[in-house]
Amino acid sequence: MKNLVVLDGKTLGNIDYDMLKEFGECVVYDMTDKVDVAERIKDANVVLTNKVVLNEDNLKEAKNLELICEMATGFNNIDIEYAKKNNIAVTNVAGYSTNTVVQHTFASLLHLYNKISFYDNFVKSGEYSKSGMFTNLDRPYNDLMGKTWGIIGLGAIGRGVAKVCEAFGVNVIYYSTSGRNSSSDYRRVDLEELLKESDIISIHAPLNDNTKGLINYENLCKMKKEAILVNMGRGPIVVDKDLAKAIDEEKISGAALDVFSVEPIQGDNPLLSVKNKDRLVLTPHIAWASAEARNRLFNDLLENIRAYNRGEKRNRVDC
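For clarity, every value in this text was computed on a predicted model and none was experimentally measured.

The next thing to look at is the overall build of the protein chain. A count of helical and extended segments in the protein chain gives eleven helices and twelve strands. On the principal axes, the C-alpha backbone points of the protein chain span a range of 70 × 45 × 35 Å. By the burial criterion, 46% of the 319 residues in the protein chain qualify as buried. Long-range contacts, defined here as pairs at least 24 residues apart, represent 61% of the contacts in the protein chain between residues at least 6 apart. Per element, the accessible surface of the protein chain, about 16200 Å² overall, is 47% carbon and sulfur. Taking the average place of the 40 positive charges on the side chains of the protein chain and the average place of its 45 negative ones, the gap between the two points comes to 2 Å.

Below is the structure:
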């Protein structure tokens, strides 16, 4: 029987961790502080982590450790080189949330684009009842049809967004941050052109040297004044203070963000202090997290463990 330890089980919500008992004894911690990691994993054969950092400092005493399961796609919280040197297998899960992130991209954009918050509050406040008019045109909004949507990062999620854009009659252009993604279905442009032409820009790229700080004040000022920015990629791709400044100065119309430079967002983040809060839609890194997506993730993770026990290399990131 193997010993399994889940370090931050709360991050997947109401998942049935009892299913891990198929593989042995399992201890599930809701969250694990940095100082407690080494003690909690020292006797483990299998460790499951989402955001808890695993490095040489806390792994060196885990002499029985065979397998680390990343409960997400990104695995930069795991010291892969240490794992390789010590014959510790590392797996991740990918593709489970593609449709979910696409859905949240449009939910956030349309909430902002159609001024839903303003009109919802207008009705619920009782002002509509008192108005004497069947409608309210105080906050004009625009059709998506005929607009240009610029996608930064045309991977699986970016392509999913592009497909939905077609249904809305939106023109799609894209910028490949790696220079490797190419599609004959949409026009590929450089960043400068994407910033200047797009009515909506959505980010679906990974965080790396090419993308960190990519959307700074200088680039925000190249966008159309009526444009909206959507970030569903990684927080540090957008410079938070520069975005707050651009919104306050009305350099762009607004932004919808699900990710931030530090998560949870810090209380002194300038985005929380913008003058016109109705220009922002902010959600707490939930674009990936529909009930169906979390179940797909966990089921795929179980398959990773089963494959490892059979001697197969499935979703291995250490090879």
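The rest of the description comes next.
What follows deals with the pattern of salt bridges. In this structure the tally under the stated criterion is 20 salt bridges. For Lys-42, the salt bridge identified is with Glu-39, shortest N-O distance 3.2 Å. Accessibility expressed as a relative area gives 53% for Glu-39, which makes it exposed. Between Asp-242 and Lys-241 there is a salt bridge, with its nearest N and O atoms 3.3 Å apart.

Moving on to the UniProt feature "domain: D-isomer specific 2-hydroxyacid dehydrogenase catalytic" (unreviewed entry) in the protein chain. The UniProt record annotates "domain: D-isomer specific 2-hydroxyacid dehydrogenase catalytic" (unreviewed entry) at residues 16-316. Secondary structure within residues 16-316 divides into 32% helix and 14% strand; the distance between the first and last C-alpha atoms comes to 24 Å.

UniProt annotation of "domain: D-isomer specific 2-hydroxyacid dehydrogenase NAD-binding" (unreviewed entry) refers to residues 107-287 when read in the numbering used here. In residues 107-287, helix accounts for 29% and strand for 15%; the two terminal C-alpha atoms are 10 Å from one another.

Right, let's talk about unusual backbone geometry for a bit. Looking along the chain, the bond that leaves Glu-263 and enters Pro-264 is cis, with omega of 0 degrees. In this structure, Pro-264 sits in the loop between β11 (254-257) and β12 (280-282). Non-glycine residue Lys-115 carries a positive phi angle of around 55 degrees. Residue placement: Lys-115 occurs in the loop between α4 (98-113) and α5 (116-124). Non-glycine residue His-285 carries a positive phi angle of around 50 degrees.

On to the sheet that holds strand β5 (residues 89-91). Spatially, the five strands line up as an open sheet ordered β2-β1-β3-β4-β5, and their pairing is parallel. Each edge of the open sheet is held by one strand with a lone partner, namely β2 (24-28) and β5. Adjacent strand axes in the sheet meet at a mean angle of 15 degrees, parallel and antiparallel pairs treated alike. Summarising the sheet, strand β3 (residues 46-49) and strand β4 (residues 67-70) pair through four bridges and their orientation is parallel. Along β4, the bridge assignment pairs Thr-49 with Glu-70. Taken strand by strand, helix α11 (residues 291-309) contacts β1 (2-6), β3, β4 and β5, and its axis lies near 160 degrees from that of β4.

Attention shifts here to a nonpolar patch on the surface. Together, Val-123, Tyr-128, Met-133, Phe-134 and Leu-137 make up a nonpolar patch on the protein surface, roughly 560 Å² of accessible area in all. In this structure, Val-123 sits in helix α5. Relative accessible area serves as the criterion here: at 45%, Val-123 is assigned to the partly exposed category.

As a further point, take the nonpolar core. Soluble globular proteins: nonpolar side chains tend toward being buried together. By size, the foremost hydrophobic cluster in this structure holds 29 residues, and its most contacted members are Ile-152, Ile-215, Leu-220, Met-223, Leu-229 and Leu-243. Counting residues per element, the ones that place at least two in this core are β7 (171-175), α8 (191-197), β9 (200-203), α10 (240-248) and β11. In this view, Ile-152 contacts Tyr-175, Thr-177, Leu-191, Leu-194, Ile-201, Ser-202, Ile-203, His-204, Ala-205, Leu-214 and Ile-215; residues no more than four positions away in its chain are not counted.

The next subject is the side chain of Thr-98. By the element assignment, Thr-98 lies in helix α4. Thr-98 sits in the buried class, given a relative accessible area of 19%. Setting aside chain neighbours within four positions, we find Thr-98 in contact with Ala-156 and Ile-157.

Along the chain, Lys-84 falls in helix α3 (residues 80-85). A relative accessible area of 39% places Lys-84 in the partly exposed class. Sequence spacing of Lys-84 and Cys-319 is 235 residues, and the spatial spacing of their C-alpha atoms is 7.9 Å.

By the alternation rule, side chains of β3 split into Val-46 and Leu-48 and Val-47 and Thr-49, which are all buried. Inspection of the sheet shows β1 paired to β3 by three bridges, in the parallel sense. Counted as the bridge partner of Val-5 is Val-47 from β3.

What counts and what doesn't
Residues numbered from 1 in each chain as written. Predicted model: local features only at pLDDT ≥ 70, side-chain atom pairs only at ≥ 80, totals over all residues. Heavy atoms only, no water. Helix = DSSP H or I, 4+ residues; strand = E, 2+ residues; numbered from the N terminus. Buried < 20%, exposed > 50% of the residue type's maximum accessible area, 1.4 Å probe, protein only. Contact = heavy atoms within 4.5 Å. Areas by Shrake-Rupley, 256 points an atom, 1.4 Å probe, with all protein chains shown as cover. Lys, Arg positive; Asp, Glu negative; His and termini not counted. Charge placed at Lys NZ, Arg CZ, Asp CG, Glu CD. Salt bridge = Lys/Arg side-chain N within 4 Å of Asp/Glu carboxyl O. UniProt positions renumbered as here; feature names shortened; annotations may be inferred. Pairing = 2+ DSSP bridges. Axes fitted to C-alpha atoms, helices over the stretch in contact; angles between N-to-C directions. Patch = residues over 30% accessible without salt bridge, like charges linked within 9 Å, V, L, I, M, F, W, Y side chains within 5 Å. Core = buried A, V, L, I, M, F, W, Y, C linked by side-chain atoms within 4.5 Å.

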